[in-house]
Amino acid sequence: MRDLLLLLIVLGLVPVILRFPWSGVLAWFWVGLMAPHGLTWSYMRTFPIATLIGAVTLVALVMTRDRRPIPMTREMIMMFFFAFFMAITSWFAVNSSGAWQQWQHVMKILLMTFVTPMLVFGTRRIVWLLLVTAGSIGFYGIKGGFFAISTGGSYMVLGPSGSFLSGNTYIGLALIMVLPMLLVSARLFHRGWVDIGWPLHAAWYKPIGLGFYAAFWLTSIAILATYSRGAFLGLLVIAPFLFLRMKRKWLLVGLALIAVGVVGVAPPERLAERWSTIKTFEEDTSSMQRIQAWGVNWNMAVERPLVGMGMRNTAMGYPWWISYANFEGSWNHALSPHSIYFQILGQHGFLGLAVFLVLIGFTYLTLGRIKRSAATLPGREWLSEYAWALQVGLIGFMAAGAFLDVAYFNLLYAFVALAIIMRRELDEPELSSAAGLINEETTHTGYPTKPRKMAT
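J.: Residues and numbers for the packing of aromatic side chains, please.
T.: Within the structure shown, the criterion is met by 14 aromatic pairs. For the ring pair Trp298 and Phe350, a centre distance of 5.3 Å and an interplane angle of 90 degrees mean the geometry is edge-to-face. In this pair, Trp298 sits in helix α12 (residues 285-303) while Phe350 sits in helix α14 (residues 340-374), placing the two residues 52 residues apart along the sequence. What makes Phe350 partly exposed here is its relative accessible area of 33%. Centre to centre, the rings of Trp320 and Tyr324 are 5.3 Å apart; their planes meet at 65 degrees, and the pair counts as edge-to-face. Summarising the burial analysis for this pair, Trp320 and Tyr324 share the class buried. One aromatic cluster is present, formed by Phe189, Tyr205 and Phe212 through successive ring pairs. In this structure, Arg125 is placed above the aromatic ring of Phe121, and the distance from its NZ or CZ to the ring centre is 4.8 Å.

Okay, here's the thing in structure tokens:
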């Protein structure tokens, strides 16, 4: 039944996307982030859902006039350069065929990142994209939170099987990145910042907001229940930002003190043991494998500082890989960089790492500008709040990603695309139509310079 239901949903989306091309971006983000095929049991597990949705969206893009030029912001320029640079490193890769296969996969992600600002503009479309992004991952936060509570935290929370998020560390990272977005989404509905166009009475908005608040707390529990030390450290990093943003923070502190000091609430024994290994990493095999892998990728970059070894270099085999190690352990080896930084360093060299970090840095600074500027503009509170949420999510990615090889995670590039379109939204005058469209003269960057007089 799950397979049939998903198939009907996907097929039903095709005419909708052809009629409203921007909905194809929402569908692609939903498929790419939530990976609904991982919740099925039969033929839909291998059905090319993302390919179908992406192809239909591109066809609709060509056919429609309802699109904008690609905004050539600094983030967009860096993404183009990053794509070009990865093509160069694939040409010189030690495993050229594997590198080109990985390059094609990454290009599919970046292609939709380039398309997103062309089809998504105006308040409603942007808010819908933010909600789809947060909800697609937040679904597993809700599911994982209930699972952790019902089992007393005795079992590990995992992502959908057969997908990129199947591992506990990967779903933990994704949940950290959207956790601030769930909090802001709750405020969006609870305070009625934006009319998102649903045929619902205003009375429904506050209950929906309360639902998002519940999703926020359940996701926090799910992150802890992944048993991922990287996710735990990432949560510790973003927790102060979340705490300072909360309105009833001292009530939460009081409740926490009562729960721990009076009721005696404590984390499950297995979870506490897992956290305690952070202090004794020298005795932990998993930690030492990471240190070994970091040294391997550093030495690869030192040998080929400009282009690295290329993507999928681990296919060269263990003897080749271990020749770059500073020491050899007695464990069974998983040839993985175990870090976004060392992943880029080993695959693309020091120059590639610089490009990657500059892209993230530009995105973070743009979100900071949006957060400060939108906070002073009436009716733009949602822009400021979501910019803050994306900033904190990026911080979580940078912290938890130090222990995971997720440099090509599509959620990261979704954040980049959102920063670009939110900046454009900030720089434009108030939009008039229900779809968020406005006639305007634009510069080559895609941002408005001279609004036309709108019809009344």
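The structure having been displayed, the exposition proceeds.
J.: Hey, could you go over the environment of Gly138 for me, with residue numbers and the actual values?
T.: You can see Gly138 is positioned in helix α6 (residues 123-151). Sequence separation between Gly138 and Met181 is 43 residues; the distance between their C-alpha atoms is 9.3 Å. Not counting chain neighbours up to four residues away, the residues in contact with Gly138 comprise Val178, Leu182 and Thr219.

J.: So what's going on with the packing of α14 against helix α15 (residues 381-400)? Which residues, and what values?
T.: At a minimum axis distance of 9 Å, the contact between α14 and α15 shows a crossing angle of 155 degrees. Relative to α15, α14 is oriented roughly antiparallel. Handedness of the crossing formed by α14 with α15: left-handed. Here Ile340, Tyr341, Phe356, Leu357, Ile360, Thr363, Tyr364, Leu367, Gly368, Ile370, Lys371 and Ala374 of α14 lie close against α15, whose contacting residues are Glu381, Leu383, Ser384, Ala387, Trp388, Leu390, Gln391, Leu394, Ile395, Phe397 and Met398.

J.: I'd like a description of helix α2 (residues 22-34), backed by residues and values.
T.: The end-to-end C-alpha separation of α2 is 19 Å, in line with the 18 Å expected for 13 residues at 1.5 Å each. Among the 13 residues of α2, 12 are classified as buried, and the element is accordingly described as predominantly covered. Among the residues making up α2, those that are buried are Trp22, Ser23, Gly24, Val25, Leu26, Ala27, Trp28, Phe29, Trp30, Val31, Leu33 and Met34. Residue Ala35 follows α2 closely and has a positive phi angle near 50 degrees.

J.: I'd like a description of the environment of Gly192, backed by residues and values.
T.: Structurally, Gly192 can be placed in the loop between α7 (168-190) and α8 (205-225). Sequence spacing of Gly192 and Tyr205 is 13 residues, and the spatial spacing of their C-alpha atoms is 6.9 Å.

J.: Explain the nonpolar core to me, using residue names and the numbers behind them.
T.: What tends to happen in soluble globular proteins is that the nonpolar side chains get buried as a cluster. In this structure, Phe356, Trp382, Tyr413 and Met422 are the most contacted members of the largest nonpolar core, which totals 118 residues. Considering every element that reaches this core, the biggest residue donor is α7, with 15 residues. Each residue touching Phe356, except ones within four places of it in the same chain, is listed here: Phe82, Ile340, Ile344, Phe397, Ala407, Leu412 and Tyr413. Core analysis: the next-biggest nonpolar cluster, separate from the first, contains eight residues, Val296, Met300, Met309 and Tyr324 among them.

J.: Quick rundown of a nonpolar patch on the surface? Include the residues and the values.
T.: Together, Met1, Leu4, Leu8 and Tyr43 make up an exposed nonpolar region whose accessible area comes to about 470 Å². Of note, Leu4 is situated in helix α1 (residues 2-19). On the basis of relative accessibility, which here comes to 38%, the residue Leu4 falls in the partly exposed class.

J.: Before we move on, could you go through unusual backbone geometry and cite the residues and values that matter?
T.: Even without glycine at this site, Ala35 takes up a positive phi of about 50 degrees. Considering the arrangement of structural elements, one finds Ala35 in the loop between α2 and α3 (49-63). Residue Ala35 is classed as buried on the basis of its relative accessible area of 5%. Backbone geometry places Tyr227, a non-glycine residue, at a positive phi of 60 degrees.

Cut-offs applied
- Residues numbered from 1 in each chain as written.
- Predicted model: local features only at pLDDT ≥ 70, side-chain atom pairs only at ≥ 80, totals over all residues.
- Heavy atoms only, no water.
- Phe/Tyr/Trp six-rings, centres within 6.5 Å; stacked < 30°, edge-to-face > 60°.
- Helix = DSSP H or I, 4+ residues; strand = E, 2+ residues; numbered from the N terminus.
- Buried < 20%, exposed > 50% of the residue type's maximum accessible area, 1.4 Å probe, protein only.
- Lys NZ or Arg CZ within 6 Å of the ring centre and 35° of its normal.
- Contact = heavy atoms within 4.5 Å.
- Axes fitted to C-alpha atoms, helices over the stretch in contact; angles between N-to-C directions.
- Parallel < 35°, antiparallel > 145°, perpendicular 65-115°, else oblique.
- Left-handed = near helix turned anticlockwise from the far one by under 90°.
- Expected span 1.5 Å × (residues − 1).
- Core = buried A, V, L, I, M, F, W, Y, C linked by side-chain atoms within 4.5 Å.
- Patch = residues over 30% accessible without salt bridge, like charges linked within 9 Å, V, L, I, M, F, W, Y side chains within 5 Å.
- Areas by Shrake-Rupley, 256 points an atom, 1.4 Å probe, with all protein chains shown as cover.
- Salt bridge = Lys/Arg side-chain N within 4 Å of Asp/Glu carboxyl O.

In short, geometric facts, not functional conclusions.
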